Amino acid sequence: LSLLSLGIGPDDEVITAPNSFVTTAWIIARTGARIVFCDVGNDMNIKPDLIESVISERTKAILPVHLTGRVADMDSIQTIADKHNLFVLEDAAQAVGACYKGKKAGSFGVCAGFSLHPLKNLHVHGDGGVITTNDPDLYVSIKKYRNHGLKNRDECEFWGINSRMDAVHAGIGNIKLKYIDKWNNRYREIAQMYTKSLNGYVNVPILKEYEEPVFHRFMILHPDREGLQGFLANNDIETKVNYPIPLHLQPAAKDLGYKKGDYPVTEEQADTILSLPLYPELRDDQVYYVIEKITQFCKN
Ligand SMILES: *Cc1c(COP(=O)(O)O)cnc(C)c1O
């Protein structure tokens, strides 16, 4: 809705990270624009130093993803965007409540998208999403777009789609919104326990001083990821890989002509990342059990 409302379409290019969930790619493809990937850094977010090398005269926007609930380096990204007259749109699906230099995810660039899917920190027991923007024109046009392109009850200004959130889900979201800070703090607390105890055994996220992530996921890196995951599974600890197949190597992306080796940092991370159990209801003793099993594996 955001990309379409900004007028992005065929002949345009949008730059994003190749290590995200598939949505980030298909929303660009859906507009007819070309998806242009840019590799990530150690923080698993788009690496600003690399962005200018993929900007062309067709580039219209940069779409950083705040992966795992860590906000991308928005100041550097905005500086590049301003220099080249590009829109910045945040994929803040994993980052509700996350801060960067004291500013909340969703307050950067022209607009941001949040997901209320059941796996996200703030969810509505079903599907839903939120767009934030400070641009009044964009606000009005997205509201029309998600409601059939209707300007009012009877007048259709352009052919839109139906992407309204229904009242029941919205009501649940409004109630949960009151608790999200508390839940996010528990995500942070667990992440801190993992960080403190696992640092030195596996690669843990190293934060910059201005970051205040929400840890939608806590990802570690380990060269024997499969071995570690199997060992944990044998000890009744479920882990997941988010995500094993980078976007540029997805079958859906084959027409774009990317190949293995194009985004080495993304690909190396995809082979070694592992998401540990993390949700507000997880008890301290359960967290310590996970830590114990991981350190046991590493010591052996
Ligand atoms: C979950 C997620 C989405 C998609 O959210 P939906 O609510 O399923 O549309 C997009 N981007 C990222 C990074 C996500 O994690």
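Below is a short write-up of the structure. (Residues numbered from 1 in each chain as written. Predicted model: local features only at pLDDT ≥ 70, side-chain atom pairs only at ≥ 80, totals over all residues. Heavy atoms only, no water.)

Let's shift gears to the nonpolar core. One finds Val14, Ile46, Ile51, Ile62, Met74, Ile77 and Leu89 to be the most contacted residues of the largest nonpolar core, which totals 52 residues. Listed by contribution, the elements that provide at least two residues to this core are β1 (13-16), α2 (23-30), β2 (34-37), β3 (59-63), α4 (74-84), β4 (87-91), β7 (111-115) and α5 (136-145). For Ile62, the contacting residues outside a window of four places in its chain are Ile15, Ile46, Ile51, Ile77, Ile80, Ala81, Leu86, Phe87, Val88 and Leu89. (Core = buried A, V, L, I, M, F, W, Y, C linked by side-chain atoms within 4.5 Å. Buried < 20%, exposed > 50% of the residue type's maximum accessible area, 1.4 Å probe, protein only. Helix = DSSP H or I, 4+ residues; strand = E, 2+ residues; numbered from the N terminus. Contact = heavy atoms within 4.5 Å.)

With that settled, the discussion passes to the site of the ligand. Contacts to the ligand come from 13 residues, most closely from Thr23, Asp91, Gln94, Ser115 and Lys120. Between the ligand and the protein, one listed contact pairs an oxygen atom with a side-chain N or O atom of Ser115 at 2.6 Å. Within the side chain of Lys120, an N or O atom sits 3.1 Å from an oxygen atom of the ligand. Bound to the protein, the ligand loses 80% of the 380 Å² it would expose on its own. Class assignment of the residues belonging to the shell around the ligand gives a composition of four nonpolar, seven polar and two charged. (Near = heavy atom within 4 Å. Polar contact = N/O pair within 3.5 Å; in protein donor to acceptor, adjacent residues only side chain to side chain. Areas by Shrake-Rupley, 256 points an atom, 1.4 Å probe, with all protein chains shown as cover. Nonpolar A, V, L, I, M, F, W, Y, C, P; charged D, E, K, R; others polar.)

What follows deals with the packing of aromatic side chains. Applying the stated rule across the entire model yields eleven aromatic pairs. Ring geometry for Tyr194 versus Phe218: centroids 5.2 Å apart, planes at 35 degrees, classification tilted. Linking Tyr194 in helix α7 (residues 180-198) with Phe218 in strand β10 (residues 218-221), this pair joins segments that are 24 residues apart in sequence. A relative accessible area of 0% means that Phe218 is categorised as buried. For the pair Phe215 and Phe218, a centre-to-centre distance of 5.8 Å together with 40 degrees between the ring planes defines the contact as tilted. Since its relative accessible area comes to 7%, Phe215 is described here as buried. (Phe/Tyr/Trp six-rings, centres within 6.5 Å; stacked < 30°, edge-to-face > 60°.)

The subject of this paragraph is the sheet that holds strand β6 (residues 103-104). Pairing in this open sheet of three strands is antiparallel, and the strands run β6-β5-β9 from one edge to the other. Each end of this open sheet is capped by a strand with a single partner; those strands are β6 and β9 (211-212). Pairing between strand β5 (residues 99-100) and β6: two bridges, direction antiparallel. The residue bridging Cys99 from the neighbouring strand is Lys104, located in β6. (Pairing = 2+ DSSP bridges.)

On to a nonpolar patch on the surface. Taken together, the side chains of Phe21, Val22 and Trp26 present a nonpolar region at the surface, about 290 Å² in accessible area. Of note, Trp26 is situated in helix α2. (Patch = residues over 30% accessible without salt bridge, like charges linked within 9 Å, V, L, I, M, F, W, Y side chains within 5 Å. Salt bridge = Lys/Arg side-chain N within 4 Å of Asp/Glu carboxyl O.)

Here we come to the pattern of salt bridges. The full count for this structure, using the stated rule, is 14 salt bridges. With its nearest N and O atoms 2.8 Å apart, the salt bridge here joins Glu52 to Lys83. In this pair, Glu52 is assigned in the loop between α3 (48-51) and β3 and Lys83 in helix α4, connecting sequence segments 31 residues apart. Given a relative accessible area of 35%, Glu52 falls into the partly exposed group. Judged by its relative accessible area of 61%, Lys83 falls in the exposed class. Arg186 is the salt-bridge partner of Glu189, the closest N and O atoms lying 2.7 Å from each other. One end of the pair, Glu189, and the other, Arg186, are both in helix α7, three residues apart, so they sit about a helical turn from each other.

Attention now goes to the pairing of β1. Side chains of β1 alternate between two faces, with Glu13 and Ile15 and Val14 and Thr16 buried alike. As defined by bridge partners, β1 adjoins β2 across four bridges and the pair is classed as parallel. Looking across to β2, one finds that Ile15 is bridged to Val36. Regarding the hand of the β-α-β motif, the stretch spanning β1, α2 and β2 is right-handed. Looking at chain direction, β1 and β3 are connected through four bridges and run parallel. Paired with Thr16 across the bridge in β3 is Leu63. (Right-handed = clockwise from strand over helix to strand, strands pointing away.)

Let us now look at the environment of His123. Along the chain, the position of His123 falls in the loop between β7 and β8 (129-133). Sequence separation of His123 and Arg58 is 65 residues, and the distance between their C-alpha atoms is 36 Å. Setting aside residues up to four positions removed in sequence, His123 forms contacts with Leu116, His117, Pro118, Ile172 and Lys176.

Here we take up the sheet that holds β2. Taken in spatial order, the six strands make up an open sheet running β2-β1-β3-β4-β7-β8, and their pairing is mixed. The open sheet has two edge strands, β2 and β8, and neither has a second partner. Within the sheet, the average angular offset between the axes of one strand and its neighbour, ignoring direction, is 25 degrees. (Axes fitted to C-alpha atoms, helices over the stretch in contact; angles between N-to-C directions.)

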